[in-house]
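Structural overview
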Amino acid sequence: MSDSKKYDVVALGELLIDFTQNGTSDQGNPLFEANPGGAPCNVLSMLTRFGKKVGFIGKVGKDGFGTQLADAIKEQGIATEGLCFDEDVHTTLALVHKLPNGDRDFSFYRKPGADVNLKEDEVNTDMIANARLFHFGTLSLTDEPVKSATYKAVKCAKENGAIITFDPNLRPPLWDSLDDAKEAFDYGMKNTDFLKISDNEILWFTGKDTYDEALAYLRETYPNIKLICLSLGGDGSRAIYKDIDMTVPAFLQDSTIETTGAGDTFCACVLNGILDNGLDDLDEDTLRKVITFANAAASIVTTRKGALRVMPQVEEVEEFIRNY
């Protein structure tokens, strides 16, 4: 599918520093590495591996970390004309603690944080108008002014006929109340063509006991969603499209060290499949290929520290699938 638009994908949201634990000091203190992070740019970074043209809209502080982030996304080939710098508010920081069971616990330094301070009039609508696909999540819906900025961006994407994609990415510590988070999920689902959601998110949001019930609820409540991908961690992922309901197993590896960025990598691979095949006439074979590739790419990322800078190349993923 060729298109005359300048960008394949434009994403709006958080760009921040993920401090991830990287060993301990001589005194036994945890050492943290300052990794560029934030789901939207992780997604965009993986999309550049497919040769897609991508751009980011968001805000960082006018500080050392903000400069580091701007340099990091430029280096990945992500267009930065939608990136703003805040003179008064520092770049948002997240500390990621790994729990004994391999899950992650997040502590955010974001009240205030520059990403929340993106204002409506700072949204680069030219970029959105010139994008085939617009992607967002709920971290840009937690607080004003970025909430209104997100509404404006989604409206602009709709008016310009872009495909809209949504990955809620629930981070409970960022919400004053989880009822507000549910409202944000509902807004995203009402306005998206494609939903990527995780196992814990779908049960929490729908209040159902099983994935089958939860998926049935989403399909009934949000008939606008053409494709739903449910990530199931070690159990792989499930795709629901028209009368297709498939589960594709995960590529499990002993060398997995952390899951940061795995969901974003998966999401990017599905977005690439949507760009290449559209959302109207997917067949089972095409969908299975897209999801298998997405699972494999996500598995590779779990063996690396960080996400944005260590996304796999397409050939590497294909070889991994062949040899698995």
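For the structure itself, look to the data block above.
An account of the accompanying structure is given in this report. (Residues numbered from 1 in each chain as written. Predicted model: local features only at pLDDT ≥ 70, side-chain atom pairs only at ≥ 80, totals over all residues. Heavy atoms only, no water.)

It is worth spelling out the sheet that holds strand S3 (residues 30–37) at this point. The four strands are arranged S3-S2-S6-S7 in an open sheet whose pairing can be described as mixed. Since the sheet does not close on itself, it has two edges, and those belong to S3 and strand S7 (104–109), each with one partner. Each adjacent strand pair in this sheet contributes to an overall mean axis angle of 30°, direction not counted. In this sheet, S3 lies alongside strand S2 (residues 16–24) in antiparallel orientation, the contact comprising seven bridges. Bridging across to S3, Gln21 finds its partner in Phe32. Docked against the sheet, helix H2 (residues 64–75) engages S2, S3 and strand S6 (93–98), running at close to 55° with respect to S3. (Pairing = 2+ DSSP bridges. Helix = DSSP H or I, 4+ residues; strand = E, 2+ residues; numbered from the N terminus. Axes fitted to C-alpha atoms, helices over the stretch in contact; angles between N-to-C directions. Contact = heavy atoms within 4.5 Å.)

What follows deals with the packing of aromatic side chains. Under the counting rule described, the total for this entry stands at 13 aromatic pairs. Taking 4.6 Å as the distance between ring centres and 50° as the angle between the ring planes, the aromatic pair formed by Tyr151 and Tyr187 counts as tilted. Of the two residues, Tyr151 is situated in helix H4 (residues 146–159) and Tyr187 in helix H5 (residues 178–190); the sequence distance between them amounts to 36 residues. Exposure remark for Tyr151: the relative accessible area of 35% places this residue in the partly exposed category. Look at Tyr187 and you get buried, because its relative accessible area is 18%. Among the aromatic side chains, those forming a connected cluster through ring pairs are Phe134, Phe136, Tyr151, Phe166 and Tyr187. Here Arg171 stacks its cationic end above the ring of Phe106, 4.3 Å away from the centre of that ring. (Phe/Tyr/Trp six-rings, centres within 6.5 Å; stacked < 30°, edge-to-face > 60°. Buried < 20%, exposed > 50% of the residue type's maximum accessible area, 1.4 Å probe, protein only. Lys NZ or Arg CZ within 6 Å of the ring centre and 35° of its normal.)

Read from one edge of the open sheet, nine strands run S5-S4-S1-S8-S9-S10-S11-S12-S13, paired in mixed fashion. Of all strands in the sheet, those with a lone pairing partner are strand S5 (78–86) and strand S13 (244–248), marking the two edges. Neighbour-to-neighbour, the strand axes of the sheet open up by a mean angle of 15°, direction not taken into account. Pairing geometry for strand S8 (residues 131–136) and strand S9 (residues 163–166), over four bridges, is parallel. Among the inter-strand pairings, Phe134 is bridged to a residue of S9, identified as Ile164. Sheet strands in contact with helix H7 (residues 211–221) are strand S10 (194–198), strand S11 (227–231) and strand S12 (237–241), and its direction is about 35° off that of S12. Along the sheet face, helix H8 (residues 262–277) touches strand S1 (7–12), S8, S9, S10, S11 and S12 and points at about 160° away from the line of S10.

What the rule picks out here adds up to two cavities of 30 Å³ or more. Reported here for the largest cavity is a volume of approximately 70 Å³. Every residue lining the largest cavity is counted, 13 residues in all, and those nearest its centre are Ala39, Pro40, Gly137, Asp167 and Asn169. Elements with a minimum of two residues in the lining of the largest cavity: helix H1 (39–49) and S8. Classifying every residue of the lining of the largest cavity gives six nonpolar, four polar and three charged. (1 Å grid on protein atoms, 1.4 Å probe; cavity = no way out; pocket = protein on both sides within 12 Å on 5 of 7 lines; lining within 4 Å. Points joined across faces, edges and corners; volume = space filled by probe spheres on them. Nonpolar A, V, L, I, M, F, W, Y, C, P; charged D, E, K, R; others polar.)

Here the focus is the pairing of S12. Extensive coverage of S12 is indicated by the burial of five of its five residues. Neither face of S12 is open: one carries Ser237, Ala239 and Tyr241, the other Arg238 and Ile240, and all of them are buried. Between S11 and the antiparallel strand that follows it, S12, lie five residues; Gly233 among them carries a positive phi value of about 60°. Here five bridges tie S12 to S13, and the two strands are oriented antiparallel to one another. Bridging across to S13, Arg238 finds its partner in Thr247. Connecting the antiparallel pair S12 and S13 is a turn made up of two residues, with Lys242 showing a positive phi of about 50°.

All right, on to the pattern of salt bridges then. If the charged atoms of two oppositely charged side chains come close together, the side chains can form a pair. Using the criterion set out here, one finds 19 salt bridges in the structure. Across the salt bridge formed by Asp285 and Lys289, the nearest N and O atoms sit 3.3 Å from each other. Of this pair, Asp285 and Lys289 both sit in helix H9 (residues 284–301), separated by four residues, roughly a single helical turn. Residue classification places Lys289 among the exposed residues on the basis of a relative accessible area of 57%. Each of Lys59, Asp86 and Glu122 takes part in one network of salt bridges that share partners. (Salt bridge = Lys/Arg side-chain N within 4 Å of Asp/Glu carboxyl O.)

This paragraph deals with unusual backbone geometry. Here the residue pair Lys111 and Pro112 is connected by a cis peptide bond, since its omega of 5° sits within 30 degrees of zero. Secondary-structure assignment places Pro112 in the loop between S7 and helix H3 (125–129). The residue after Glu144, namely Pro145, is reached through a cis peptide bond having omega 5°. At Asn169, a position not held by glycine, the phi torsion is positive, near 55°. For Lys242, which is not glycine, the phi dihedral falls at a positive 50°. Structurally, Lys242 is set in the loop between S12 and S13. Judged by its relative accessible area of 48%, Lys242 is partly exposed.

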